[in-house]
Amino acid sequence: MNINIEKLKKDLIEYFSTAINPFDADLNNVEDINYFNESKLIELAKLNGFNIELYKIEGE
């Protein structure tokens, strides 16, 4: 399955940046998402309720 990883990564960062309380958030962990490999990004997305099917690249 080919996934648009850049879009998934962007959406995960946005999700975690806006969904957390800024007073108790460790924003460094949000930035760590940039360094996750593809399987770790997909796992994190699934654990947080993302529909991976929406990130599939059509025709590949």
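Each remark here, short or long, concerns the structure printed above.
The notes below deal with the structure included here. Along each chain, residue indices are assigned from 1 in the same order as the chain's sequence is written. Thresholds applied to this predicted model are a pLDDT of at least 70 for local features of residues and 80 or more for the giving and counting of side-chain atom pairs; totals over whole chains, interfaces and linings are not thresholded and use all residues. Hydrogens and waters are ignored; side-chain quantities use all the structure's heavy atoms.

Here is a general trend for soluble globular proteins: nonpolar side chains tend to be buried in one another's company. In terms of nonpolar packing, the biggest core is built from 14 residues, with I3, L8 and L12 touching the most fellow members. Secondary structure follows DSSP: runs of H or I at least 4 residues long count as helices, runs of E at least 2 residues long count as strands, and numbering of each begins at the N terminus. Those elements giving two or more residues to this core turn out to be helix 1 (5–19) and helix 3 (38–47). Residue contacts are counted whenever heavy atoms from the two residues lie within 4.5 Å of one another. Among residues more than four places away in sequence, those in contact with L8 are I3, L41, I42, A45, F50, I52 and Y55. We call a set of buried Ala, Val, Leu, Ile, Met, Phe, Trp, Tyr and Cys residues a nonpolar core when their side-chain atoms join them within 4.5 Å. For the exposure calls, accessible area comes from a 1.4 Å probe over protein chains only, and a residue counts as buried if that area is under 20% of its type's maximum, exposed if over 50%, partly exposed in between.

With respect to the helices and strands, the residue K9 is situated in helix 1. Apart from the residues within four sequence positions on either side, K9 is in contact with I33, N34 and L41.

Pairing of aromatic rings covers Phe, Tyr and Trp, the last counted by its six-membered ring, and requires centre-to-centre distances within 6.5 Å; plane angles under 30 degrees mean stacked, over 60 mean edge-to-face, and any other angle means tilted. Per the stated rule, a full pass over the model turns up three aromatic pairs. Residues Y15 and F16 carry aromatic rings whose centres are separated by 5.0 Å and whose planes lie at 75° to one another, so their mutual orientation is edge-to-face. Note on F16: relative accessible area 17%, which makes it buried. The structure contains a cluster of three or more aromatic residues connected by ring pairs, namely Y15, F16, F50 and Y55.

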